[in-house]
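Letter by letter, the chains look like this.
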Amino acid sequence: MTAVDVVLIGRNEGARLVAALDSVRGRARQVVYVDSGSTDGSVAAAEVAGALVVPLDMTTPFTAARARNAGFAALSDPQYVMFVDGDCMLVAGFLDRARAHLDAHPELAIVTGWRSEIHRDASLYNQLTDFEWRRPAGPILACGGDMMVRAEAFSAVSGFDPTVIAAEDDEFCTRLRKAGWGLERIPEEMTRHDADMHSFGQWWTRAVRTGHGFAQVGHLHPEYFRKERKRVLVYGLALPLVILAGAPVHWSLPLLGLAAYALNYLRTARGLEREGLPRAEALRHSVLLTLSKFPNLIGMVTYRVRHARRAQMRIIEYK
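Computed from a predicted model, the values in this text were never measured in an experiment.

Procedures and definitions
Residues numbered from 1 in each chain as written. Predicted model: local features only at pLDDT ≥ 70, side-chain atom pairs only at ≥ 80, totals over all residues. Heavy atoms only, no water. Core = buried A, V, L, I, M, F, W, Y, C linked by side-chain atoms within 4.5 Å. Buried < 20%, exposed > 50% of the residue type's maximum accessible area, 1.4 Å probe, protein only. Helix = DSSP H or I, 4+ residues; strand = E, 2+ residues; numbered from the N terminus. Contact = heavy atoms within 4.5 Å. Salt bridge = Lys/Arg side-chain N within 4 Å of Asp/Glu carboxyl O. Axes fitted to C-alpha atoms, helices over the stretch in contact; angles between N-to-C directions. Parallel < 35°, antiparallel > 145°, perpendicular 65-115°, else oblique. Left-handed = near helix turned anticlockwise from the far one by under 90°. Nonpolar A, V, L, I, M, F, W, Y, C, P; charged D, E, K, R; others polar. Pairing = 2+ DSSP bridges. Right-handed = clockwise from strand over helix to strand, strands pointing away. Patch = residues over 30% accessible without salt bridge, like charges linked within 9 Å, V, L, I, M, F, W, Y side chains within 5 Å. Areas by Shrake-Rupley, 256 points an atom, 1.4 Å probe, with all protein chains shown as cover.

Caption draft 1: Geometry of the nonpolar core. Among the nonpolar cores identified, the biggest contains 46 residues, and V7, V34, F83, I110, M147, F172 and L176 are the most heavily contacted of them. Ranked by residues supplied to this core, first place goes to helix α8 (residues 200–220) with 4 residues. Leave out the neighbours within four places in its chain, and V34 touches V7, L8, I9, G10, V54, L56, A67, A70 and G71. In this structure, V4, L17, V53 and M148 belong to the second largest nonpolar core, which totals 26 residues.

If you want it as structure tokens, here you go:
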């Protein structure tokens, strides 16, 4: 039977990390916890749980990508590695099902499953996050940070890019696909996530981080996130300019710009309904998705400024 190891990463996750450690206890050959400068007792909790603790050197800006690479490097003779974020609990049985799928499909580098929110209805923002996780099963272009990876494939592409601060999983998956590997989501519950997002400010910061990922990964792989970047430029930049610059020219131009936003809102809400969301939720979520282009734009500009100045890429935390 192919050995499966687990790499957990975290920073000040507190009780969420304790739950994550409990969920993997006794289910893997090796468990490594990579800590990114926690001050809340996370390291002690991981040691009590029997995990090998790898503290990141804080003189270098930390990223989730860098943490996962450090966890992989600490494993002894890895074969399959299950990466789990420290705010997630592993669902019982997933490791065996994912391992069996990788065993049966040697062309696959990654097997992932479904992530869902523990407290889905605690806030509108948690609901929206939960909806983001539920994507169709089958061959995929990319997935989130919870994934089972074939060690051979991980090594072949030199793991994650430690300089990518957001959407590092998309970037990693893109390089795997370009190297000829396949990726697949199986129809199985995989992890339970705790977004713990209860304020508009948290959601806004998370959306800024998303925009940073659009720009940085798009810079590395121009074909990726192309549609997302275009939407941000249209709805976050071009339309506001039309509204502001058009007002002195003719009263109809601002109205046309506002109508475009209204149309986008309704189209998005209908799309969410078609994907299974109740109408009331679809209408509320569509407000956030329509607004998201503005923080996304801030994130994209942040990356461009950092890149132009050759500044270090530092993470954007929302909790």
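Caption draft 2: Structural detail: the pattern of salt bridges. Overall, the coordinates contain 22 salt bridges when judged by the stated rule. With a shortest N-O distance of 2.8 Å, R29 and D5 are connected by a salt bridge. One end of the pair, R29, is in the loop between α1 (15–24) and β2 (31–35); the other, D5, is in strand β1 (residues 4–10), with 24 residues separating them in the sequence. Taking the relative accessible area as the measure of exposure, R29 reaches 43% and is therefore partly exposed. Between R68 and E168 there is a salt bridge; the shortest N-O distance is 2.8 Å. Placement of R68 in helix α3 (residues 64–73) and of E168 in helix α7 (residues 168–178) is noted, with a sequence separation of 100 residues between them. Several salt bridges share partner residues, and in doing so they unite R68, D85, R115, D146 and E168 into one network.

Caption draft 3: Just the packing of helix α10 (residues 252–274) against helix α11 (residues 279–291), in detail. Where α10 meets α11, the closest approach of the two axes is 8 Å, and the angle between their N-to-C directions is 135°. Judged by the angle between their axes, α10 and α11 are oblique. Crossing handedness for the pair α10 and α11: right-handed. Within the contact between the two elements, α10 uses Y261, N264, Y265, T268, A269, L272 and E273 and α11 uses R279, A282, L283, H285, S286, V287, L289 and T290. Per-class residue counts for the contact of α10 with α11 are 8 nonpolar, 5 polar and 2 charged.

Caption draft 4: Here's a closer look at the pairing of β1. Counted residue by residue, β1 has 7 buried out of 7 residues, so it is predominantly covered. As paired elements, β1 and strand β4 (residues 80–85) share 6 bridges and run parallel to each other. Residue D5 lies in a different strand from β4, and its bridge partner there is V81. In terms of handedness, the path from β1 via α1 over to β2 forms a crossover that is right-handed.

Caption draft 5: Layout of a nonpolar patch on the surface. Where nonpolar side chains cluster on the molecular surface, the patch consists of F200, V287 and L291 and spans about 230 Å² of accessible area. Take V287: it is sitting in helix α11.

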